[in-house]
Amino acid sequence: MSQSKTDCMKYKSFNETFKFCSFALAFGLIYPNRKNVCLRSTLFSFVLLFNCGTLFWFMWYTVKCLWELDIYNSTRNITVGVIILLFVFKTYYVNFKTDMFAFLLEQITKDLLKGNNMDADYQEIYDYYIKEGMFGQKCYVWIPLILSSIFPTYAGVSMIYGSLTSDDFKKVMLHEMDLKYLEDKQYDFPYFELVFAYYFLGIYSMVPNFAGFDGSFCIATSHLRMKIKLMTHSVQKAFTDSKDILELRAKLKTCVKDHQEALEFYDLIQRLYGGWLFAVFLLTSFLISCNLYQIYLTGIDPRYTLFAATGVFHMYMPCYFASCLIELGEQSCTDVYCAKWESWADPTATKFLIFIMARAQKRLLLHGMGIVFFNMESFVSLMQTSYSFFTLITSK
């Protein structure tokens, strides 16, 4: 009976509404289940243990290149290292924030289920911002998939083309580097095939991690925008639909509570995603700079060009959603003021309105550890920072 009732509901839980994000969080071992934090951490340790060979070769070759002042290969390795570092950092970071993350998802579920009992005009707001969250979810499914597929696709296509045009074609590894203890036979059978498959599994094991947590940021910010929009819509309806002063005051008191809940949700987003935002800004700018340097040295290489473009888009998404949040927060004050308050001339109702407007004037800025603020200006700043670093490492 309860199952059929759930199936009939228009709005369902976070897991059922944002299925790709939920699946990616679970598969990436970062879904915030309070009961299995230790189990997830243990399983992730096994994932790192499985990839310890790749990590050893990668670190050994990076140190070797830096020691020999091989800037070209050093930047190639650092480009890949940024992704690995962000992957490891994010997993431990999210597991550390399990309680906070779980509470955020519970709040989203609670608000979504409330929508089933709301009028059609409120549900239109629900539909719009759920679509916004799904758009962010889809983007963060494709970004890590494209990012992970660049080198395997290039290597596969190169070897297929080489095998069709020559009997003695060059084998191309996913990421070219000297493999300690296998330097003289890393391109021989079966070492090449085994290492290729080993790299391949390691690369795609990172996809769910990025798709899940990064996508959840877009969903959370879209949900906050929905809560604020519902509040301003409730204020406007309170002044048009109330039958008497007492009803108006009761509705406005509820609006004040809804606004406070929205602001608490904003604080929750900031506390949960602040460290991740800073890491994304720092490491993505470094990644873009290193990719620009690769393009500078080798010309328009499709691998590094697409890698840089994907990195730019990865940074663009949180800046875009944070900017949309700022814009809606600034607009909310105007929306509240445009309510039909002058037709009532009630001092108490006006005080409620002033209280909401005063708090709405504070910008809903999302920042990384109080150091970098996320908006479209920050995105432009990141591009400038990346280019400045690029000019630094290319100067003679």
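Residues numbered from 1 in each chain as written. Predicted model: local features only at pLDDT ≥ 70, side-chain atom pairs only at ≥ 80, totals over all residues. Heavy atoms only, no water.

Caption draft 1: Summary view of the environment of phenylalanine 169. One can find phenylalanine 169 in the loop between helix 8 (120-165) and helix 9 (191-204). Note on phenylalanine 169: relative accessible area 31%, which makes it partly exposed. Separated by 11 residues in sequence, phenylalanine 169 and serine 158 have C-alpha atoms that sit 9.2 Å apart. Aside from chain neighbours lying at most four places away, what touches phenylalanine 169 is Met159, Gly162 and Ser163. (Helix = DSSP H or I, 4+ residues; strand = E, 2+ residues; numbered from the N terminus. Buried < 20%, exposed > 50% of the residue type's maximum accessible area, 1.4 Å probe, protein only. Contact = heavy atoms within 4.5 Å.)

Caption draft 2: Geometry of empty space enclosed by the protein. This structure, assessed with the given rule, holds 3 cavities of 30 Å³ or more. A volume near 90 Å³ is recorded for the largest cavity. In this structure, the largest cavity is lined by Val82, Ile83, Leu86, Leu147, Phe210, Leu283, Thr284, Leu287, Gly311 and His314. At the level of elements, helix 6 (71-96), helix 11 (245-298) and helix 12 (302-337) are the ones that each hand at least two residues to the lining of the largest cavity. Here the lining of the largest cavity is composed, by residue class, of 7 nonpolar, 3 polar and no charged. Estimates place the volume of the second largest cavity at around 50 Å³. (1 Å grid on protein atoms, 1.4 Å probe; cavity = no way out; pocket = protein on both sides within 12 Å on 5 of 7 lines; lining within 4 Å. Points joined across faces, edges and corners; volume = space filled by probe spheres on them. Nonpolar A, V, L, I, M, F, W, Y, C, P; charged D, E, K, R; others polar.)

Caption draft 3: Structural detail: the side chain of threonine 232. Structurally, the position occupied by threonine 232 is in helix 10 (residues 207-241). By relative accessible area, threonine 232 is classed as buried at 3%. Ignoring sequence-local partners within four residues, the contact set of threonine 232 consists of Ser332, Asp335 and Val336.

Caption draft 4: Molecular detail of helix 8. Compared with an ideal rise of 1.5 Å per residue, which puts 46 residues at 68 Å, helix 8 spans 63 Å between its outermost C-alpha atoms and is within 8% of the ideal. Along helix 8, the sharpest change in direction is near 40° and occurs at serine 149; proline proline 152 comes one to four residues later. (Expected span 1.5 Å × (residues − 1). Bend = angle between axes of the 7 residues up to and from the residue.)

Caption draft 5: A look at the side chain of threonine 98. Positionally, threonine 98 belongs in helix 7 (residues 98-114). If we skip the residues at most four places from it in the chain, threonine 98 touches Pro32, Asn33, Arg34, Val37 and Arg40.

Caption draft 6: Structural detail: the packing of helix 8 against helix 9. Running from N to C, helix 8 and helix 9 point in directions that differ by 155°, and their axes come no closer than 9 Å. With respect to helix 9, the axis of helix 8 lies roughly antiparallel. Taken as a pair, helix 8 and helix 9 cross one another with a handedness that is left-handed. Facing Ser148, Ser149, Pro152, Ala155 and Met159 of helix 8, the residues of helix 9 in contact are Phe192, Phe196, Phe200, Ile203 and Tyr204. For the contact of helix 8 with helix 9, the per-class residue count stands at 8 nonpolar, 2 polar and no charged. (Axes fitted to C-alpha atoms, helices over the stretch in contact; angles between N-to-C directions. Parallel < 35°, antiparallel > 145°, perpendicular 65-115°, else oblique. Left-handed = near helix turned anticlockwise from the far one by under 90°.)

Caption draft 7: Representation of the pattern of salt bridges. A complete count under the given rule lists 15 salt bridges for this structure. For arginine 225, the salt bridge identified is with glutamate 132, shortest N-O distance 3.3 Å. A residue pair is termed long-range when its members are at least 10 positions apart, and arginine 225 in helix 10 and glutamate 132 in helix 8 qualify at 93 residues. By sharing partners, the salt bridges in this structure join Asp119, Asp121, Lys237 and Asp241 into a single network. (Salt bridge = Lys/Arg side-chain N within 4 Å of Asp/Glu carboxyl O.)

Caption draft 8: Quick peek at the packing of aromatic side chains. This model, assessed by the stated rule, comprises 26 aromatic pairs. Plain terms: the ring middles of phenylalanine 192 and phenylalanine 196 are 5.9 Å apart, the flat faces sit at 45° to each other, and that makes the pair tilted. With phenylalanine 192 and phenylalanine 196 both in helix 9 and 4 residues apart, the pair spans about one turn of that helix. Phenylalanine 192 gets classed as buried once you look at its relative accessible area, which sits at 4%. Exposure remark for phenylalanine 196: the relative accessible area of 17% places this residue in the buried category. Ring centres 5.7 Å apart and planes at 90° place the aromatic pair phenylalanine 213 and tryptophan 276 in the edge-to-face group. Of this pair, phenylalanine 213 sits in helix 10 while tryptophan 276 sits in helix 11; the two residues are 63 residues apart in sequence, bridging distant segments of the chain. (Phe/Tyr/Trp six-rings, centres within 6.5 Å; stacked < 30°, edge-to-face > 60°.)

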